[in-house]
Amino acid sequence: SIQRYKQLKWNQRRDFMNRFGWMLVKDRFWESYETNRLIEEFQKQDIEIQLVDPNTIDIFVNKDNKKSILVNGEESDLPKFVFPRTGSGTSYYIKAVIRHFERMDIPVINSSDAIDNVKDKLYTHQILAQSNLDIPKTMLLRYPIDIDFVEKNIGFPVIVKKISGSYGRGVFLCEDKKSLRQLVTMAELTKKSYDIILQEFIKDTWGKDLRVMVVNNKVVGCMMRQATDDDFRANITRGGEGFPYEVNEQIEWLSSESSKALNLDIAGVDLLFQNGGYKICEVNSNPGFEGMENYTKKNIAGEIVHL
C-alpha cells in the first residue's frame, strides 16, 4: 500500500520495488485517487512502479549517465521509463530532472516539451490556432491595460485567466469595463507586470463544459461537467456534477487533434459548447480522472497504463 511505502526509508524502498518504472509525484499527492488507481493498474500488469518525489532528485551533468542521478542523496538504478504526474506544477527544477531522463534515452510520458506546451495557456492556444483548431479568441493582457482595446477586440463579458493554473483556480469573469479594471488594479498591487490572458466569453457554455480524456491520440472517456450553483465554471473540484456524454465525430476530432498538436501522450481536453458545436478551452498534461471514472464507469487508469 502507499501508506506502507511512505513509511519505508529510501534504502528499504530500493529492496521493496524492482524499480521498473518511476512515477514522479510530489509527496503531497502520493495519497491521491489518481496515484492509487495508477499503481493498482500497473500492478495488474505486473509492472513495478516506484513513487518518487521529483524534488528529492539530484542530477549531475557528466559523461557517466548511470551515476548522474541521486534520490535523497543516494545512488539508484535507473528506471525503464518515467511517468511525470506534475502537470501545471512542473517547476524549472522538475522540468530539468525530466529532461535529464530524456537525454539518457529513458522514455518519458508525457515529454518535457509536451508539458511545456500546455503549462503556458497562451502558448497552448498559439499552437492550437496554428493547427487550425477552433478556440475562443484569446489575447495576452499588456501593461498598462487599454480597456477600450479589449472591448473592441474581445468584448464583454470577458474571461480572465492566469497563464498557468488548473482546477478552475485563477479564472475570473468580468462583466464589463469596470469589473476588469478593478481586477487588473488588484493584480497590479501585488505585481506591476502580470501574466494574464483574456478570452472571449462563450455564453452557450455558462456553467457547463466537456472533459475529454485522450490517450495516445484516442478518446477513452468523455463527460459533461455542470455547475450546481450559478458559477460559470463547471469544474468537479469546485462542486460541479458530471454526466456521461456521447462522443461524436467533432468531439473525437477536436480532442485527438489537439492532443496530437501538443505532442501529448496523455491529455485532458476541455471543450466549450457553442452554437451546437464545440471550441477547445484548455488542454491538461496531468488530468485528474476521479470524476471521469466515477461518472462514466470507464477504466481511465487502465487505458493510461496500456498506453
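The present account deals with the structure reproduced in this document. (Residues numbered from 1 in each chain as written. Predicted model: local features only at pLDDT ≥ 70, side-chain atom pairs only at ≥ 80, totals over all residues. Heavy atoms only, no water.)

### A short note on the overall build of the chain
Logical step 1: When helices and strands are counted, the chain shows 11 helices and 15 strands.
Logical step 2: Counting only residues that meet the buried cut, the chain has 52% of its 307 residues in that class.
Logical step 3: Across the chain, the fraction of contacts at a sequence separation of at least 24, relative to all contacts at a separation of at least 6, is 66%.
Logical step 4: Total accessible area computed for the chain in this model is approximately 15,500 Å², and 46% of it derives from carbon and sulfur atoms. (Helix = DSSP H or I, 4+ residues; strand = E, 2+ residues; numbered from the N terminus. Buried < 20%, exposed > 50% of the residue type's maximum accessible area, 1.4 Å probe, protein only. Contact = heavy atoms within 4.5 Å. Areas by Shrake-Rupley, 256 points an atom, 1.4 Å probe, with all protein chains shown as cover.)

### Section: the pairing of strand 11 (residues 208-215)
Logical step 1: Of all eight residues in strand 11, seven are buried, a share of seventy percent or more.
Logical step 2: One ladder, built from eight bridges, connects strand 11 with strand 12 (residues 218-226); its direction is antiparallel. Bridge pairing links K208 to Q226 in strand 12.
Logical step 3: Counting the residues that bridge the hairpin from strand 11 to strand 12 gives two residues, and of these N216 lies at a positive phi of roughly 55°.
Logical step 4: Here six bridges tie strand 11 to strand 14 (residues 266-274), and the two strands are oriented antiparallel to one another. Across the sheet, residue V215 finds its bridge partner in strand 14, namely I266. (Pairing = 2+ DSSP bridges.)

### Section: the packing of aromatic side chains
Logical step 1: Counted according to the given criterion, the structure contains eight aromatic pairs.
Logical step 2: A centroid spacing of 5.7 Å and a plane angle of 85° characterise the contact between W22 and F101, whose relative ring orientation is edge-to-face. Here F101 lies in helix 4 (residues 92-103) and W22 lies in strand 1 (residues 21-24), a separation of 79 residues in the sequence. Grouping residues by exposure puts W22 and F101 together as buried.
Logical step 3: On the basis of an interplanar angle of 90° and a centroid distance of 5.7 Å, the ring pair of F201 and W206 is categorised as edge-to-face.
Logical step 4: One aromatic cluster is present, built from ring pairs that chain together F20, F42, F81 and F83. (Phe/Tyr/Trp six-rings, centres within 6.5 Å; stacked < 30°, edge-to-face > 60°.)

### Things to note about the packing of helix 4 against helix 5 (residues 112-119)
Logical step 1: Where helix 4 meets helix 5, the closest approach of the two axes is 9 Å, and the angle between their N-to-C directions is 150°. As far as their axial angle goes, helix 5 and helix 4 are roughly antiparallel. Here helix 4 contributes K95, I98, R99 and E102 to the contact with helix 5, which in turn contributes S112, D113, I115 and D116.
Logical step 2: Partitioned by chemical class, the residues of the contact of helix 4 with helix 5 number two nonpolar, one polar and five charged. (Axes fitted to C-alpha atoms, helices over the stretch in contact; angles between N-to-C directions. Parallel < 35°, antiparallel > 145°, perpendicular 65-115°, else oblique. Nonpolar A, V, L, I, M, F, W, Y, C, P; charged D, E, K, R; others polar.)

### Description of helix 4
Logical step 1: Taking 1.5 Å per residue, 12 residues should reach 16 Å; helix 4 reaches 16 Å between its end C-alpha atoms and fits that length.
Logical step 2: Those residues of helix 4 lying buried are I94, K95, V97, I98, H100, F101 and E102.
Logical step 3: Note on helix 4: the residue one or two positions beyond its end, D105, has a positive phi of about 60°. (Expected span 1.5 Å × (residues − 1).)

### A word on the environment of N275
Logical step 1: By the element assignment, N275 lies in the loop between strand 14 and strand 15 (277-284).
Logical step 2: Sequence spacing of N275 and I202 is 73 residues, and the spatial spacing of their C-alpha atoms is 9.6 Å.

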